[in-house]
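Reading the structure
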Amino acid sequence: MRLAAFVLSAVALSAQAADYAGPLFDTHLHYNQEAWDGNTGPFPPTEALARMQRNGVKAIVANSRPNAGTQTLAAARETREAGVTVVPFVRLYRNRDDYTNWFRDETIYQMVQSELARGTASGPYRGIGEFHLYDSANANGPVAKKLVALAEQQQLAVLAHVDDVAIDLLMANAPSKGQALRLIWAHTGIGGAPVERVRALLERYPLLMGELSYRPGLTCAGGKLCPEWRALILQYPGRFLVGSDTWVNQRWSAYDELMQGYRVWLGDLPPATAQRIAWGNAAGLFGFR
């Protein structure tokens, strides 16, 4: 009996999922001025890249305030040495004042066009954002409309920190009415849109992707996925991404913990699904493996 109990206990322990150990694609990374500040900040390129490297982060979507941060990572010798691929996005913010006015500021549209023409040392920009809409109605601002149309026309992804109402508005302003716009929903709705609402939006917009940093209600006991989120991810394994959202320096300080948190709940998914969310979905979105 004791032997049988021991065997059953060993089987149960072995059945517990190990943490995901494969590569990670950080699809929401900021390298803002306060992080590096011309290499004199607390997280110069060598330090930022060391954090990525020791956490198995092999690629990043870089978007920074101002765009000089992204340009720096894209050009750094250390980036290549760390084996990190930079997928650059044009961020709409030159400074903090732009957060609340970009959607109607024509100079933002001009800046985006200039950055797109300039490109980066790692290649052309692949997306626009992250941008914020604190009032959903501002998705109908004149510059917001022009940028959504530009993104779809040039096959750029859009990283949007918005609520579920703004998702519908942004999609409505796309030439395809949301059928061809590659929109990455930052935090999959940081305000906590119900899972059923997220499911409905995924069904309505075939290229909508959900990035999962800061997502309320995502994990439960032991850092594992809450049941309703696990069910949604298993239903749509090709539609979710992971990211660090290093919007303040405290997030850089906690980078190890953030990435380990993903590895815990990814390990509780079927291996093929975990690999897709950790790496494959983003790699496919940007055309590499």
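Residues numbered from 1 in each chain as written. Predicted model: local features only at pLDDT ≥ 70, side-chain atom pairs only at ≥ 80, totals over all residues. Heavy atoms only, no water.

1. Looking at the packing of helix H9 (residues 195–204) against helix H10 (residues 227–235)
- Running from N to C, H9 and H10 cross one another at 10°; their axes reach a closest spacing of 10 Å. As far as their axial angle goes, H10 and H9 are roughly parallel. Only Glu228, Trp229, Leu232 and Gln235 of H10 make contact with H9, whose side of the interface consists of Val195, Val198, Arg199, Leu202 and Glu203. (Axes fitted to C-alpha atoms, helices over the stretch in contact; angles between N-to-C directions. Helix = DSSP H or I, 4+ residues; strand = E, 2+ residues; numbered from the N terminus. Parallel < 35°, antiparallel > 145°, perpendicular 65-115°, else oblique. Contact = heavy atoms within 4.5 Å.)

2. Concerning the side chain of Ser213
- Relative to the helices and strands, Ser213 is located in the loop between strand E7 (209–211) and H10.
- On the basis of relative accessibility, which here comes to 1%, the residue Ser213 falls in the buried class.
- Only 2.6 Å separates the side chain of Ser213 from the side chain of Glu211, close enough to count as a polar contact.
- Apart from the residues lying within four places of it in its own chain, the contact partners of Ser213 are His28, His187, Gly243, Asp245, Arg251 and Tyr262. (Buried < 20%, exposed > 50% of the residue type's maximum accessible area, 1.4 Å probe, protein only. Polar contact = N/O pair within 3.5 Å; in protein donor to acceptor, adjacent residues only side chain to side chain.)

3. Concerning the packing of helix H6 (residues 106–118) against helix H7 (residues 142–153)
- Axis separation between H6 and H7 bottoms out at 9 Å; the angle between their running directions is 20°. By the angle class used here, H6 and H7 are roughly parallel. Classified by chirality, the crossing of H7 by H6 is right-handed. Residues Glu106, Tyr109, Val112 and Leu116 of H6 touch H7, and the partners they reach there are Val143, Lys146, Leu147 and Leu150. (Left-handed = near helix turned anticlockwise from the far one by under 90°.)

4. Some points on the layout of surface pockets
- The volume enclosed by the largest pocket comes to roughly 230 Å³.
- Lining the largest pocket we find 16 residues, and of these Leu212, Leu258, Gly261, Tyr262 and Trp265 sit closest to its centre.
- By residue number, the principal contributor to the lining of the largest pocket is helix H12 (residues 255–266), which donates six residues.
- Among the residues forming the lining of the largest pocket, the class breakdown is seven nonpolar, six polar and three charged. (1 Å grid on protein atoms, 1.4 Å probe; cavity = no way out; pocket = protein on both sides within 12 Å on 5 of 7 lines; lining within 4 Å. Points joined across faces, edges and corners; volume = space filled by probe spheres on them. Nonpolar A, V, L, I, M, F, W, Y, C, P; charged D, E, K, R; others polar.)

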